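# Chain and residue survey
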Amino acid sequence: MRQSTSPGPRAHHLLPDELAHLHEVANRSLFTQFAELCEGALIVDRQARVVWMNEKYPLRLGLRDPAAAIGQPVEAMLPNSQMREVVESGRPIMLDIMDFGSESFVVLRLPLRNEQDEVIGGIGLMLLDDAKGLAPLVSRYHQLHRELADTRSKLAEARRAKYTLASIVGHSHACLEVKSQARRAARTGAAVLIQGETGTGKELLAQAIHNASLRADKPFVAVNIAAVPESLLESEFFGAAPGAYTGADRKGREGKFRLADGGTLFLDEIGDMPTALQAKLLRVLQEGEYEALGSDRLLSTDVRIVAATSRDLSKEVQEGRFRADLYYRLNVVTLTMPPLRERMDDLPLLCEYLLDALCQRMGMVAHELSAGALEALRQHRWPGNIRELQNVLERALMMADTDVLQAGDIRRILGPSTTAAPDAPTEEAEEAAAAVAVKPLSAAIAEAERQAIRDALRACDGNKARAASLLGISRTSFYEKLSTLQI
Ligand SMILES: Nc1ncnc2c1ncn2[C@@H]1O[C@H](COP(=O)(O)OP(=O)(O)OP(=O)(O)O)[C@@H](O)[C@H]1O
Ligand SMILES: [Mg+2]
């Protein structure tokens, strides 16, 4: 047989007769013919060290010096080789599929035994996938591949933004104006900064911008910077190589820049971005390149950035807490979501929409508002904006006795202080006051927590990180409280 590589000196750890036996196998003419059909044929010894390969194999592997591979552990040449498993277990792996670049190969791995039936080595054969007899297997493999791709695309579907500009409820002048600015900005692909008080619908607008942009069929990925512990933010953004840090996934972790590639990355609560990370983010935005944690491979990225904040970022810049250069990068277009109290024209429409959605979610019959209830809602200042409105309506629904919510149902929740409607019937006001005076302890504690958090937020100008430290709790548990207390 034509032997492409002869055993080097390192192969001589074998007993001479075992080595001779292996070469005998390699020299059998039937075997030779078969090996020539294969894209790769390989024999290893009992320690899974390479003894022999056919001519094509080193070419396939791009080995410049095939002779140097002889005597080496098979993994040195083929890191994922399973030959060691075959020689150690003595069991063949009859049919397997291995991807090599863009091609798939069918692989057969057999143990080789001596006369005493002891395993002395193994043989691996790699067949090109277009061999006719293998077509059913390969086609099944490709079908599984397609199914996998399908599942992945369903996953991507879940990553899609739900809201469009049309689904943002509101026809007040302020609302129409911001929608038309958003529509124009969406098409340009420029970075957008959305400002607005808490609960005004900033995230909704971000999704709508994505859906109105050319990237609509690509992923929309959101990162809430305030909700991620500071130590994890970097890997959250850029991903981590396997084992990059203690506790990191063995498989590594995909960063949001990677997940959002081609689409939109929504940076929520951008004002909470720690300074060190601001510098890194700026670099990525300028250069379009970054490295995952613990990796030195440069990855390129193509994402559209939409950022949101409920703080006055320009003030944060003036006071040195936010980098000016990053601010200008993010703020190519600024959109401001109007607070609810400045778009009271939208109140009836918003209530109708929210009540419908809530009743459906809670499995209740449709409810509506009496004129008095609407008026009671109109009197409130709505510091928590639409989210607060949603919560108030939800609580009113849970307590209501009839399908039409009354002024009293609303006042019970908003409290008498905010319902200074001059012509409010006194009986209802008393009823509301009584309902406020006696509360279950858990509700009273929640109310006290709510108040403390609101005070802290006010004292820190809405800066959640500082409010958390003022209250002596972590940023993450602060964020949890915001959501459980529905602030
Ligand atoms: N125009 C709207 N129509 C219907 N629902 C709305 C509208 N705007 C906001 N909402 C609802 O109000 C809630 C708050 O919206 P969103 O989360 O987008 O606000 P936000 O400005 O991001 O708040 P925060 O600053 O607290 O993160 C959501 O449940 C959203 O569905
Ligand atoms: Mg938000």
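Here is what the cut-offs are and how they apply
Residues numbered from 1 in each chain as written. Chains lettered and ligands numbered in written order. Predicted model: local features only at pLDDT ≥ 70, side-chain atom pairs only at ≥ 80, totals over all residues. Helix = DSSP H or I, 4+ residues; strand = E, 2+ residues; numbered from the N terminus. Buried ≥ 20, exposed ≤ 12 C-beta atoms within 10 Å, placed from the backbone. Contact = placed C-beta atoms within 7 Å. Near = placed C-beta within 6 Å. Nonpolar A, V, L, I, M, F, W, Y, C, P; charged D, E, K, R; others polar. Domains from an automatic or database assignment. Pairing = 2+ DSSP bridges. Axes fitted to C-alpha atoms, helices over the stretch in contact; angles between N-to-C directions. Parallel < 35°, antiparallel > 145°, perpendicular 65-115°, else oblique. Left-handed = near helix turned anticlockwise from the far one by under 90°. Expected span 1.5 Å × (residues − 1). Core = buried A, V, L, I, M, F, W, Y, C linked by C-beta atoms within 7 Å. pLDDT = per-residue confidence, 0-100.

## What to know about the overall build of the protein chain
Counting secondary structure elements, the protein chain contains 22 helices and 14 strands. Counting all 487 residues of the protein chain, 33% fall into the buried class. Counting only contacts in the protein chain whose residues sit at least 6 apart along the sequence, the fraction spanning at least 24 positions is 66%.

## Some thoughts on unusual backbone geometry
Despite not being glycine, Glu 269 shows a phi value in the positive range, around 55°. If you trace the backbone, Glu 269 turns up in the loop between β8 (264–268) and α12 (275–287). Owing to 24 C-beta atoms within 10 Å, Glu 269 belongs among the buried residues under this scheme.

## Structural notes on helix α9 (residues 202–211)
Among the ten residues that make up α9, nine are buried, leaving the element largely enclosed by the rest of the structure. Looking at α9, one finds that the buried residues are Lys 202, Leu 204, Leu 205, Ala 206, Gln 207, Ala 208, Ile 209, His 210 and Asn 211. Buried residues along α9 sit in contact with α8 (173–188), β6 (192–195), β7 (220–224), β8, β11 (304–309) and β12 (333–336).

## Details of the site of ligand 1
Near ligand 1 lie 16 residues; those nearest to it are Val 169, Thr 198, Gly 201, Lys 202 and Glu 203. Those elements that place two or more of their residues in the shell around ligand 1 are α9 and α17 (385–399). The class makeup of the residues in the shell around ligand 1 is five nonpolar, eight polar and three charged. Two domains each provide a minimum of three residues to the shell around ligand 1, namely domain 2 (165–338) and domain 3 (366–484).

## Examining the sheet that holds β11
Judged by pairing direction, the sheet is parallel, and its five strands sit side by side in the order β7-β8-β11-β6-β12 without closing on themselves. Since the sheet does not close on itself, it has two edges, and those belong to β7 and β12, each with one partner. The mean inter-strand angle of the sheet, taken between neighbouring strand axes irrespective of direction, is 20°. As judged from the five bridges shared by β7 and β8, these two strands associate in the parallel manner. Residue pairing for β8: Asn 224 is matched across the bridge by Asp 268. Across the sheet, α8 lies against β6 and β12, angled at about 155° from β12, the strand it touches most.

## With respect to the packing of helix α15 (residues 347–361) against helix α16 (residues 371–378)
Direction vectors running N to C along α15 and α16 enclose 110°, while the axes themselves pass 11 Å from each other. In this view, α15 runs roughly perpendicular relative to α16, as classed from their interaxial angle. Judged by the twist between their axes, the crossing of α15 over α16 is right-handed. Here α15 contributes Leu 347, Pro 348 and Cys 351 to the contact with α16, which in turn contributes Leu 374, Leu 377 and Arg 378. Here the contact of α15 with α16 is built from residues that sort into five nonpolar, no polar and one charged.

## Considerations on the pairing of β6
Burial along β6 is two-sided: Val 192 and Ile 194 and Leu 193 and Gln 195, pointing in opposite directions, are all buried. Here β6 pairs with β11 via four bridges, running parallel. The residue bridging Leu 193 from the neighbouring strand is Ala 307, located in β11. Sheet topology note: the β6/β12 ladder contains four bridges and is parallel. Each bridged residue has a counterpart across the sheet, and for Val 192 the counterpart in β12 is Val 333.

## Remarks on α8
Here α8 is 16 residues long and its end C-alpha atoms lie 23 Å apart, about the 22 Å a rise of 1.5 Å per residue gives. On its buried face, α8 is in contact with β6, α9 and β12. A positive phi of about 80° marks Gly 189, the residue just after α8.

## Looking at the packing of α17 against helix α18 (residues 407–414)
For the pair α17 and α18, interaxial distance at closest approach is 9 Å and the crossing angle is 120°. With respect to α18, the axis of α17 lies oblique. α17 and α18 meet at a crossing whose hand is right-handed. For the pair α17 and α18, contact is made by Val 392, Arg 395, Ala 396 and Met 399 and by Asp 409, Ile 410, Arg 412, Ile 413 and Leu 414, respectively. Of the residues in the contact of α17 with α18, the class split is six nonpolar, no polar and three charged.

## Quick word on the nonpolar core
If you look at the biggest cluster of nonpolar residues, it comprises 53 residues, and the most contacted ones within it are Ile 194, Leu 205 and Ile 209. Excluding residues within four positions of it along the chain, Ile 209 makes contact with Ala 182, Ala 185, Ala 186, Val 192 and Val 306. Ala 41, Trp 52, Tyr 57 and Val 106 belong to the second-largest nonpolar core, a separate cluster that totals 28 residues.

## As for the confidence of the model for the protein chain
Fine structural detail should not be taken from predicted coordinates in areas where pLDDT scores are low. With 87% of its residues at a pLDDT of 70 or more, the protein chain shows a mean pLDDT of 84. Predicted confidence in the protein chain is weakest over helix α19 (residues 426–437), with a mean pLDDT of 48, and strongest over β6, with 97. Every residue in residues 1–11 scores below 50 in pLDDT, and together they form 24 contacts with partners more than four places removed in sequence or on other chains. When the criterion is pLDDT under 50, residues 417–435 qualifies, and its contacts beyond four places in sequence or with other chains add up to 24 contacts.

## Examining the environment of Glu 368
With respect to the secondary-structure elements, Glu 368 resides in strand β13 (residues 368–369). Overall, Glu 368 belongs to the partly exposed group, with 14 C-beta atoms counted inside 10 Å. Excluding residues that lie within four positions of it along the chain, Glu 368 makes contacts with Leu 355 and Val 404.

## Topic: the environment of Ala 206
Checked against the element boundaries, Ala 206 lands in helix α9. Looking at Ala 206, the number of C-beta atoms within 10 Å reads 26, which means it is buried. Counting along the chain gives 62 residues from Ala 206 to Asp 268, while the straight-line C-alpha distance between them is 9.4 Å. Excluding its chain neighbours within four sequence positions, the residues that come into contact with Ala 206 are Ile 194, Phe 266, Val 306 and Ala 308.

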